[in-house]
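# Chain and residue survey
For reference, the chains in residue letters:
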Amino acid sequence: MSKMTEAQAEAVFAEIDADGNGEIRLRELRDYGQANGGAVDGVKLAEFVRGADTDGDRRITLTEFKAFFV
Ligand SMILES: [Ca+2]
Ligand SMILES: [Ca+2]
């Protein structure tokens, strides 16, 4: 995946974090993927969560999200 600016990452994070609690869960990623044409399959999303979730709580915080993409 390509790099983003910090502002872009924040905007994308806010879009995926549908309930606005500051964490992205796999379910939110799935919903986001489906809303965007379902192009991203569930295995890829699970891999992304595993890769980006550095503290292992299975949720992606904005800090983790930025560390992954920016
Ligand atoms: Ca959330
Ligand atoms: Ca985490």
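The structure we're discussing is the one just above.
Below you will find a few notes about this structure.

Definitions and cut-offs
Residues numbered from 1 in each chain as written. Chains lettered and ligands numbered in written order. Predicted model: local features only at pLDDT ≥ 70, side-chain atom pairs only at ≥ 80, totals over all residues. Heavy atoms only, no water. Donors = N, O, S within 2.8 Å, 3.2 Å for Na, K, Ca; no water. Tetrahedral: all angles 85-135°; square planar, octahedral: opposite > 155°, others 65-115°.

It is worth spelling out the coordination of the calcium ion (ligand 1) at this point. At the metal site, the calcium ion (ligand 1) is ligated by D17 (OD), D19 (OD), N21 (OD1), E23 (O), E28 (OE) and E28 (OE), and these contacts range over 2.2 to 2.4 Å. Every donor residue of the calcium ion (ligand 1) comes from the same chain, spaced as D-x1-D-x1-N-x1-E-x4-E.

All right, on to the coordination of the calcium ion (ligand 2) then. Protein coordination at the calcium ion (ligand 2): the donors are D53 (OD), D55 (OD), D57 (OD), R59 (O), E64 (OE) and E64 (OE), at 2.2 to 2.4 Å from the metal. Around the calcium ion (ligand 2), the six donor atoms are arranged such that angles at the metal cover 54 to 158 degrees; this shape is classified as irregular. Of note, the calcium ion (ligand 2) draws all its donor residues from one chain, in the sequence arrangement D-x1-D-x1-D-x1-R-x4-E.

Any functional reading would require information that these geometric values do not contain.
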